[in-house]
Amino acid sequence: MTATHATTDLKDAEGPAGRAGPAKVAAPRRPAPSGRALRTAGFHLSAGLLSALWLLPIALVLVTSTRTFDDIAAHGVGSWPHSFTFDSFRQAWVDGGQQRALINSMLVTIPTVLLSLGLASMAAFALSRYDLPFRRVLLLLMLGGNLLPPQILLIPVSKLSELLGIYDQLYALIGVQVGFGVGFYVFVLHGFMRAIPGEIQQAAVIDGANPWQIYWRVILPLARPALAALTALSFTWIFNDLLWAITVLRTDTQMPITASLIGLQGQYVSMWNVIAAGSVIAAAPTVAVFLRFQRHFVAGLNLGAVK
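Enquirer: Just to check I follow, could you spell out the side chain of Gln-201 for this structure?
Expert: Tracing the backbone through its elements, the reader meets Gln-201 in helix α9 (residues 198-206). Note on Gln-201: relative accessible area 11%, which makes it buried. Residues in contact with Gln-201, not counting those within four places in the same chain, are Arg-129, Tyr-130 and Ile-214.

Enquirer: How do you make sense of the packing of aromatic side chains when you look at a structure like this?
Expert: The relation between two aromatic rings is expressed through the spacing of the ring centres and the mutual angle of the planes. By the definition in use, this model includes ten aromatic pairs. Between the aromatic rings of Trp-212 and Trp-216, the centroid separation amounts to 5.9 Å while the plane-to-plane angle is 10 degrees, which identifies the pairing as stacked. One end of the pair, Trp-212, and the other, Trp-216, are both in helix α10 (residues 211-222), four residues apart, so they sit about a helical turn from each other. Every member of this aromatic cluster is reached through a ring pair, and the members are Phe-125, Tyr-130, Trp-212, Tyr-215 and Trp-216. Of note, Arg-292 hangs over the ring of Phe-293, and the distance from its end group to the ring centre comes to 5.5 Å.

Enquirer: Looking at this structure, how should I read the side chain of Ser-128?
Expert: Along the chain, Ser-128 falls in helix α5 (residues 98-129). At 2.6 Å, the side chain of Ser-128 and the backbone oxygen of Ala-124 are in polar contact. Polar contacts involving the side chain of Ser-128 include one to the main-chain carbonyl oxygen of Phe-125, which spans 3.5 Å. Dropping the residues within four chain positions of it, Ser-128 is found in contact with Arg-135, His-190, Met-193 and Arg-194.

Enquirer: How should the confidence of the model for the protein be read in this particular structure?
Expert: Predicted coordinates in areas of low pLDDT are best not read in detail. When the pLDDT values of the protein are averaged, the result is 85; 85% of them are 70 or greater. Mean pLDDT across the elements of the protein bottoms out in helix α1 (residues 2-13) (46) and peaks in α5 (95). Within the model, pLDDT remains below 50 along residues 1-21, and this stretch shows eight contacts once partners closer than five positions in the same chain are excluded.

The rules behind the values
Residues numbered from 1 in each chain as written. Predicted model: local features only at pLDDT ≥ 70, side-chain atom pairs only at ≥ 80, totals over all residues. Heavy atoms only, no water. Helix = DSSP H or I, 4+ residues; strand = E, 2+ residues; numbered from the N terminus. Buried < 20%, exposed > 50% of the residue type's maximum accessible area, 1.4 Å probe, protein only. Contact = heavy atoms within 4.5 Å. Phe/Tyr/Trp six-rings, centres within 6.5 Å; stacked < 30°, edge-to-face > 60°. Lys NZ or Arg CZ within 6 Å of the ring centre and 35° of its normal. Polar contact = N/O pair within 3.5 Å; in protein donor to acceptor, adjacent residues only side chain to side chain. pLDDT = per-residue confidence, 0-100.

In structure tokens, the structure reads:
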């Protein structure tokens, strides 16, 4: 039986002329795509479609802002552009009052962000690094104040600003924005500062640092990702706010950019190119701030996720 098997194997290995031929090797099969690869491809496809859907209105506004009124009137807003001009930006900037409104928004937003984050960082430092009485109650009060809908406080805030004699002034809007935002900032910064190891503060105390030096030179630099993330968020919230602006302000020359857009729409009723240009002008500062703090913003989100 052994000789028979050997002869059979030899014939199988030989070619048609009885000579030994090369053995045929089967081509390797490609592995079928796994379920994980399909899920990844589906995720990227759906995310790309959602991104395109989200960017479509923005692209439409940008294209509309660079078209002439005659082009839009003749072909429609959603048609392919047949003109290109920046005159609509000049009309919105000069004739529509966007220049003054943008200055008002900056005069309100920048001091409010600096003052809010400054007060919130000091309060969060005290509440997170020192054993103060009723600190949990204070944190809950700050958090509870942010849960109140602002609509129920419109009339009290308006009446209070009139009684204080600060109605229709930009610093009245600054005070309102600081008052309603500092509680949330304290709550967020408290979580970041509390996670900083206590040995760092103890080493600073041994080196002779006082509480102000510990706050300014030790804790505040370590909380830079949180401060950067809150800077981007607070700038966007305050700059885009409309509710409190129309509550404590009355004169058109005092209105910020968001309220000015409403007046621009009333002034240029059917001139969609001018209205779109005004929207682009209003959105440009917040986009620039987000792009500037994007790296710190992502770092702050990651740090918060780890915690």
